[in-house]
Amino acid sequence: MKKKKIDLRFGIIGVVILLAAVSRLIPHPVGFVPIAGMALFGAAYYSKRYWAYIVPIVAMMLSDIILNTLVYSAYMDRQWMWIFLYTYGALALIVLMGTFTLKSVRVPEVAISAVGASVIFYLVTNFGTWISSGMYPHTWEGLTACYTAALPFFRNGLAGDLLYTGILFGAFELLMYKFPSLKAQKAAA
């Protein structure tokens, strides 16, 4: 009988992403969250691309369930539920971008990817707010007003993305240095 080998690397990556998602439950400035960092981290380190999408999205959903049940329940209605689709869509786009920009994990690529992730999240989620919330008229002026009103959130999001991405990548690189068994194994030719 063949025993299944436990993939420690896979588990550690998942735990890091889950811990990042749990950090959303700690009081923080609006928009200063680890969402982009989770997506980029999964894109960079999971060898099977589908896990790079599944794990961050599931971790995000779990933290959203807690937040929307315990913290934001008074503010939730059907209109706002559509906006979550844009949030998860942005998360998936960030993973996709990361699969192209993070073929090698180096500081410049990680930093540029974090900035790109902030821009993607800002553009996609605020478009979702404009189209779904009813807060803005469906005109060019309404879209412009929506993006303008969201600029303070973009600033916080960019700061959070840079910080959390740096922490996630830095911590895992340090772990791989201390425990070489966490490094990705090259496939035999």
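Details of the structure are given in the entry above.
Quick caveat: nothing in here was measured; it's all calculated off a predicted structure. (Residues numbered from 1 in each chain as written. Predicted model: local features only at pLDDT ≥ 70, side-chain atom pairs only at ≥ 80, totals over all residues. Heavy atoms only, no water.)

Undergrad: Explain the nonpolar core residue by residue, including any values.
TA: Membership of the largest hydrophobic core comes to 37 residues, with the highest contact counts inside it found for Ile17, Leu40, Phe41, Tyr45 and Phe169. Of all the secondary-structure elements, those providing two or more residues to this core are α1 (8-22), α2 (35-45), α3 (49-71), α4 (78-101), α5 (107-132) and α7 (151-178). The element that contributes the greatest number of residues to this core is α2, accounting for nine residues. Setting aside chain neighbours within four positions, we find Phe169 in contact with Gly37, Leu40, Phe41, Ala44, Tyr45, Leu102, Val105 and Val110. (Core = buried A, V, L, I, M, F, W, Y, C linked by side-chain atoms within 4.5 Å. Buried < 20%, exposed > 50% of the residue type's maximum accessible area, 1.4 Å probe, protein only. Helix = DSSP H or I, 4+ residues; strand = E, 2+ residues; numbered from the N terminus. Contact = heavy atoms within 4.5 Å.)

Undergrad: Give a description of the packing of α5 against helix α6 (residues 140-149) that names residues and reports values.
TA: Closest axis-to-axis distance for the α5/α6 pair is 9 Å, and the angle between their directions is 125°. As judged from the angle between their axes, α5 and α6 are oblique. Between α5 and α6 the crossing geometry is right-handed. Each of Tyr122, Leu123, Asn126, Phe127, Thr129 and Trp130 in α5 lies in contact with α6, whose residues at this interface are Gly142, Leu143, Cys146, Tyr147 and Thr148. Its residues assigned to classes, the contact of α5 with α6 comprises seven nonpolar, four polar and no charged. (Axes fitted to C-alpha atoms, helices over the stretch in contact; angles between N-to-C directions. Parallel < 35°, antiparallel > 145°, perpendicular 65-115°, else oblique. Left-handed = near helix turned anticlockwise from the far one by under 90°. Nonpolar A, V, L, I, M, F, W, Y, C, P; charged D, E, K, R; others polar.)

Undergrad: Lay out α5 in plain terms, naming residues and giving numbers.
TA: Helix length check: α5, at 26 residues, gives a terminal C-alpha distance of 37 Å against a target of 38 Å (1.5 Å per residue), a fit within 8%. Just downstream of α5 lies Gly134, where phi reads positive at about 80°. (Expected span 1.5 Å × (residues − 1).)

Undergrad: Quick rundown of the side chain of Ser133? Include the residues and the values.
TA: By secondary structure assignment, the location of Ser133 is in the loop between α5 and α6. Under the relative-accessibility criterion, Ser133 is labelled buried at 6%. Separated by 2.6 Å, the side chain of Ser133 and the backbone oxygen of Thr129 make a polar contact. Here Met135 takes part through its backbone nitrogen, which lies 3.1 Å from a polar atom of the side chain of Ser133. (Polar contact = N/O pair within 3.5 Å; in protein donor to acceptor, adjacent residues only side chain to side chain.)

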